[in-house]
Amino acid sequence: MKCLSCFLVLFLFSGVGGFDLVIDDIPDEVENLIDLEMDGFPSSPKARNGRYQRSTSDWGYVGDLVEDDDKIGLYSYKVQSTITSRLANTMIQAKMVNNANRPQPIMFDVQVPKGAFIDNFTMDINGITFTSHIREKSEARKMYAQAKARGKAAGIVRSNALDMENFKTEVNVPPGMRIQFQLHYHEMIRRKLSSYEHVISVKPGRLAKHMEVDVRIIEPQGLRYVHVPNSLGDHFNGITTISKGEKKAHVSFKPTMAQQRKCPTCSSTAVDGNFVVQYDVNRETTGGELEIFNGYFIHFFAPENLDPLPKNILFVIDVSGSMWGLKMKQTIEAMKAILSELRAADHFSLIDFNHNVRCWRDNLVSATPSQVEDAKKYIQAIHPNGGTNINEALLRATFILNEAKSLGMLDPNSVSMIVLVSDGDPTVGELKLTTIQKNVKQSIKDDFSLFCLGIGFDVDYDFLQRIATDNRGMAQRIFGNQETSLQMKNFYNQVSTPLLKKIQFNYPRESVSDVTQSSFHNYFGGSEIVVAGKVDTENLQHLQSVVTATAANAELVMETLRDVEELDGFMKKDRYADPEFTRKLWAYLTVNQMMAERNAAPTAALKRNITKSILQMSLDHHIVTPFTAMLIENAEKDEIMLADQPKDPRKGCCPGTLGLTPNAPNNNKGIPSWANVTAVPVSFMPEQKSPPVSSLSINRVDNDPHFIIHLPKSQKNICFNINSEPGKILNLVSDPGTGVVVNGQLIGAKKAENKKLNTYFGKIGFYFKKKDLKVEITTETITLKDGSYAITLTWADTGHIIRKQLLISVKKESNVTITVGEEMSFMVLLHRVWKKHPVNVDFLGIYIPPENQFSSEAHGLIGQFASEPEVSIHHQTPGQAPEKPQAIMEVKGNKFTVTRGVQKDYRTDRVQGTDVLCWFVHNSGKGFIDGHYRDYLVPHLYSFMKKP
């Protein structure tokens, strides 16, 4: 009997982990099939006794294959990848044939991204199909041993986790036989540097009669852009096609056999590298996007337009002898570029180490131009030599940061981090990696983050991953080549712009369960935080989230509300979208989080419990992890191959472990009651004082613009209009005593009606001088300014900004409430009109309670009535219209005619408004307001006015 051998190997080269798998025997039926071959292919569609069904009918005509000297032809090489809301499902398929007159090995060799979960692998050998199943590892090994004892041996697949997984299958194929390989894996596409990047390794190894890479993107948020860089080289310019719609895109790469050739007469392929698709999505809300489907929710959070937090950063650089040459040259080049990108508000220092540890400065210094230049000179003068004392170097770095904190030198809003650059294991001082990990953890505590760059492959990269994950950071391998400098700079750019800290995600506990990590130390610009969980869609119509965080100049509370059925129609209509994307993303995040928690588990008992949970998740979701194995079997289950991923004690936990921080305990009471608020002074939150929405006793300016002044003592409402020009700024409140200014800038309608151009408030500015805070509200954005810092929400957001006991609460597409302690509050209403309306424009209205505690110095078109004047209205007579009687008003020594009329309060009904009866003062309030309305014009949005 002839022997069919199969090797499935994940080799360890260039940081690549490996599988090995062997099939020892070939069934008798396969041997018999060989006798039926004619001209290299079977003459009958099925085997004797019908045991094996042929599945090669979709091959079509297989002639004209280009063969190397080994007479192996590649009929097709096909990659299909579908991305549904960051979840990428990828299938790689190769169809090959042995046209030689002798048995010979055929290889299927693909690279799978680290962190991806392999969930299926099949082989079809001339109609004999092997399919895969996931089993607990010991059970799978037992089945393997039984098969081997019967002579139906399978092989074993072993894997070590480094940067990439090389999935390599080698099958000894009899002459004339066809073979098809098909591998499936899925992964979550992470956002880095403001872009999602989907990388597919395409290395067919030979010319293919049919070559295709097909990528489909389905993003319910909407696609901002789709880009395919020329990663395979100029040889393939113009071959890739991109079709992009609002929420979907299709990328196709289908080179002909002639286009695949390295040269017109070459028989080798130029297709050898990574096919890369980059894209980003639209973001309308600062609070993130909730996607709910099939009983799971995914929360994507990537706010933009925030000022960076200042950072305190210590660079710890390995200058041991192994760094000599190109690695050191590239590191110096990268560090000089990184130092140039430090911001003026940043503080930094440098530590270089070999067997000794040296500090450029013993403390943190400001990133002034002179200090940066001095640091560059220090870096340039480094000459690598000696051993590697990682333990002492990291402890020295943590000491500098801890001392700066204890001395009060660090901005409370700043972010502190250590960046370690090393190319090898410790050779001096403390050598035990677990002890170094423990020492650093105890020294850093919960205050700082550690980021690790491992250069080359001599370094224990999994140790760097563990120590970084343990301290709220992440690690990255840097390949020691001509691009080392660029790789280092790109990594730094990922962590150079901290925008938020102490981020906490909250969901109603009675409606959600099994939520993944919901507390995060930092959020960096250009990245994305993803939280997932199960949701009870049967008993819930809307899901609400509350995210709290600390920004550069404020505390944020951001709310998001989504209909649980919002995605149903979209998903059911798209035949390419993965209906299981929410479940797979939740499982992906959960398994990776448990891997990280297991790695940091302080006791063996806890580690065992986590292991059991990972095992169950792996079985439930059909994925290969260090605690499961993939059995690859024929239909009768009597020929078995085994693929597993045993843990290598040196290499850490497993592939795919993410840099996650265990949920921080939190006992705060939030708003709503189920929200655990970490960053916000919650004792201040529940008492937010808003203008009472049910009361009409309020001062307001709305429409074009209509003023309504409520006089509490006399229980009268007095109205007047101001007719000015677009661009003019009217002072509403100017109170030197409390330091409060409220001004409104006018905008005009699109065109005049009846020879009159209506004006409205298009921008309202608040200045709180004693707090040095400014708030600018337009029909598009709400911005809080504190000195050089600014934070912006849009009207698409629902959330809160808190700074210096000033609370800004935004209700989506409705209103903004500004609350200043217990003293005063303001409400700004948004009026949206049809964008294509020939005349009307979006505008703002403002509502100010008369209870606001302004000082006796308050003035302005509204502020002057904080001290209520004596008003007398008498001699009422019928007007031209019965519903509009006239009367005489006496106020401030003035006497004039007023008309009874109706104005609108839009707080409870922003479309129709609520009628408010008032006495209307003609001529822009002349006689009722002090002076002329022109006296209330100010030059800037935050200017105090001079009393008329």
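About the thresholds
Counting starts from 1 at the beginning of each chain's written sequence and moves along it residue by residue. pLDDT decides what is reported in this predicted model: residues at 70 or higher carry local features, side-chain atom pairs at 80 or more are listed and counted, and totals for whole chains, interfaces and linings draw on all residues regardless. Values reported for side chains reflect all heavy atoms of the structure, with hydrogen atoms and water molecules removed beforehand. Here a strand is any run of E in DSSP of at least two residues, a helix any run of H or I of at least four, and the numbering for each starts at the N terminus. Think of it in three bands: residues with accessible area under 20% of the maximum for their type are buried, residues over 50% are exposed, and the middle band is partly exposed, with areas taken using a 1.4 Å probe on protein chains only. Per-residue accessibility takes into account occlusion by the displayed protein chains alone, with areas from the Shrake-Rupley method and a 1.4 Å probe. How sure the predictor is of each residue is captured by pLDDT, a score from 0 to 100. Should any heavy atoms of two residues lie within 4.5 Å, those residues are considered in contact. Here, two cysteine sulfur atoms that lie within 2.5 Å of each other are counted as a disulfide. We treat two strands as partners when DSSP finds at least two bridges between them. Convention adopted: a line fitted to C-alpha atoms gives each axis, helices being fitted over their contacting stretch, and angles between N-to-C directions are expressed from 0 to 180 degrees. Any carboxyl oxygen of Asp or Glu that lies within 4 Å of a side-chain nitrogen of Lys or Arg is treated as forming a salt bridge with it. Helix span, as expected, comes to 1.5 Å for every residue beyond the first. With respect to orientation, any angle under 35 degrees is reported as roughly parallel, any angle over 145 as roughly antiparallel, any angle of 65 to 115 as roughly perpendicular, and every other angle as oblique. Side-chain classes follow a simple rule in which Ala, Val, Leu, Ile, Met, Phe, Trp, Tyr, Cys and Pro form the nonpolar group, Asp, Glu, Lys and Arg form the charged group, and the remainder, Gly included, forms the polar group. Geometry of aromatic contacts follows a simple scheme: Phe, Tyr and Trp rings, the Trp one being its six-membered ring, pair when their centres are within 6.5 Å, and the pair is stacked under 30 degrees between planes, edge-to-face over 60, tilted otherwise. Throughout this description, the term charge over a ring refers to an Arg CZ or Lys NZ atom that lies within 6 Å of the ring centre and within 35 degrees of the ring normal.

Caption draft 1: Up close: the overall build of the protein chain. Scanning the protein chain from terminus to terminus reveals 13 helices and 53 strands. Counting over 948 residues, the protein chain shows a buried share of 59%. Accessible surface, the protein chain: about 38300 Å² in total, of which carbon and sulfur atoms supply 49%.

Caption draft 2: Focus on the confidence of the model for the protein chain. Per-residue pLDDT for the protein chain has a mean of 83; in total, 84% of the residues score no lower than 70. In this model residues 153–163 is a low-confidence stretch, pLDDT under 50, and it forms 69 contacts with partners more than four residues away in sequence or in other chains.

Caption draft 3: Looking closely at the state of the cysteines. A complete count under the given rule lists two disulfides for this structure. Cys 263 shares a disulfide with Cys 266; S-S distance 1.8 Å. Residues Cys 263 and Cys 266 share a disulfide whose torsion about the S-S bond is about 95°; that sign makes it right-handed. Looking at the protein chain, its bonded cysteines, counted consecutively from the start of the sequence, adopt the pairing 1-2, 3-4.

Caption draft 4: Highlighting the pairing of strand 43 (residues 781–786). By the bridge criterion, five bridges tie strand 42 (residues 773–778) to strand 43 in an arrangement that is antiparallel. Looking at strand 43, one finds that Ile 777 is bridged to Ile 782. Between strand 42 and strand 43, which pair antiparallel in sequence order, lie two residues. Inspection of the sheet shows strand 43 paired to strand 44 (residues 789–794) by six bridges, in the antiparallel sense. In the sheet register, Thr 783 faces strand 44, and the bridge partner there is Thr 792. Linking strand 43 to strand 44, which pair antiparallel, is a turn of two residues; within it Gly 787 sits at a positive phi near 60°.

Caption draft 5: Quick peek at the sheet that holds strand 29 (residues 512–513). Overall, antiparallel pairing links the four strands, which are arranged 19-20-31-29 in an open sheet. Pairing within the sheet leaves two strands with one partner each, and these edge strands are strand 19 (289–293) and strand 29. Where strand 20 (residues 296–301) lies against strand 31 (residues 529–535), six bridges are found, and the strand directions are antiparallel. Counted as the bridge partner of Ile 298 is Ala 532 from strand 31. Helix 11 (residues 581–599) rests against strand 19, strand 20 and strand 31 of the sheet, and its axis sits at about 70° to strand 20.

Caption draft 6: The arrangement of the sheet that holds strand 13 (residues 195–202) in detail. Read from one edge to the other, the open sheet built from four strands follows the order 12-13-18-15, with strand pairing classed as antiparallel. Single-partner strands in this sheet number two, and they are strand 12 (191–192) and strand 15 (223–227). Bridge analysis of strand 13 against strand 18 (residues 273–281) gives seven bridges, and the strand direction is antiparallel. Considered in strand 18, the bridge of Glu 197 is made with Gln 278.

Caption draft 7: Structural view of the environment of Val 902. Here Val 902 is to be found in strand 52 (residues 894–905). Remark: the alpha-carbon pair of Val 902 and Cys 918, spanning 16 residues in sequence, is separated by 6.0 Å.

Caption draft 8: Highlighting unusual backbone geometry. The backbone of Arg 86 shows a phi angle near 75°, a positive value even though the residue is not glycine. Mapping Arg 86 onto the fold places it in the loop between strand 5 (72–84) and strand 6 (87–98). For Arg 86, a relative accessible area of 0% translates into the label buried. Notably, Asn 754 is not glycine yet its phi reads approximately 55°, a positive angle. Inspection of the secondary structure assignment puts Asn 754 in the loop between strand 40 (740–748) and strand 41 (759–768).

Caption draft 9: Here's a closer look at the pattern of salt bridges. On inspection of all chains with the given rule, the structure shows 32 salt bridges. A salt bridge links Arg 283 to Glu 528, with the nearest nitrogen and oxygen atoms 3.7 Å apart. Separated by 245 residues along the polypeptide, Arg 283 in the loop between strand 18 and strand 19 and Glu 528 in the loop between strand 30 (519–524) and strand 31 bring together distant segments of the chain. Arg 283 sits in the buried class, given a relative accessible area of 18%. For Glu 528, a relative accessible area of 10% puts it in the buried group. Taking the shortest distance from any N to any O, the salt bridge between Asp 930 and Lys 892 comes out at 2.9 Å. Here Lys 892 lies in the loop between strand 51 (886–891) and strand 52 and Asp 930 lies in the segment after helix 13 (922–925), a separation of 38 residues in the sequence. By relative accessible area, which is 26% here, Asp 930 ends up partly exposed. Residues participating in the shared-partner salt-bridge network are Arg 86, Arg 191, Glu 219, Arg 224, Asp 280, Arg 283, Glu 304 and Glu 528.

Caption draft 10: Representation of helix 11. With 19 residues, helix 11 extends 27 Å between its outermost C-alpha atoms, agreeing within 8% with the 27 Å of an ideal straight helix rising 1.5 Å per residue. Helix 11 sits mainly inside the fold: 16 of its 19 residues count as buried.

Caption draft 11: A look at the environment of Asn 471. Among the secondary structure elements, Asn 471 is positioned in the loop between helix 8 (461–469) and strand 27 (475–478). Judged by relative accessible area, which is 0%, Asn 471 ranks as buried. Each C-alpha atom of the pair Asn 471 and Met 417 lies 9.8 Å from the other, and the pair is 54 residues apart in sequence. Setting aside residues no more than four positions away along its own chain, Asn 471 makes contact with Val 440, Lys 441, Ile 444, Phe 448, Ser 449 and Leu 450.

Caption draft 12: Structural detail: the packing of helix 4 (residues 326–340) against helix 5 (residues 369–380). Two elements in contact, helix 4 and helix 5, have axes separated by 10 Å at closest approach and are oriented at 175°. Our classification of the angle between helix 4 and helix 5 gives roughly antiparallel. Along its contact with helix 4, which presents Ile 332, Met 335, Lys 336, Leu 339 and Ser 340, the element helix 5 presents Val 372, Ala 375, Lys 376, Ile 379 and Gln 380. When grouped by side-chain class, the residues that make up the contact of helix 4 with helix 5 number six nonpolar, two polar and two charged.

Caption draft 13: Broad picture of the packing of aromatic side chains. Taken as a whole and assessed by the stated rule, the structure comprises 25 aromatic pairs. Ring plane angle 75° and centroid distance 5.9 Å describe the contact between Phe 451 and Phe 524, whose orientation is recorded as edge-to-face. Of this pair, Phe 451 sits in strand 26 (residues 449–455) while Phe 524 is found in strand 30, placing the two residues 73 residues apart along the sequence. Overall, the relative accessible area of 10% leaves Phe 524 in the buried class. When the centroid spacing of 6.3 Å and the interplanar angle of 45° are considered together, the rings of Phe 826 and Phe 854 count as tilted. In this pair, Phe 826 is assigned in strand 48 (residues 824–831) and Phe 854 in the loop between strand 49 (843–848) and strand 50 (871–877), connecting sequence segments 28 residues apart. Like Phe 854, Phe 826 is buried. A connected cluster of aromatic rings, assembled from ring pairs, spans Phe 301, Phe 505, Phe 520 and Tyr 523. The residue whose ring lies beneath Arg 86 is Phe 300, and the NZ or CZ to ring-centre distance is 3.7 Å. Here the guanidinium or amino end of Lys 247 rests over the ring plane of Phe 570, the centre of that ring lying 5.5 Å away.

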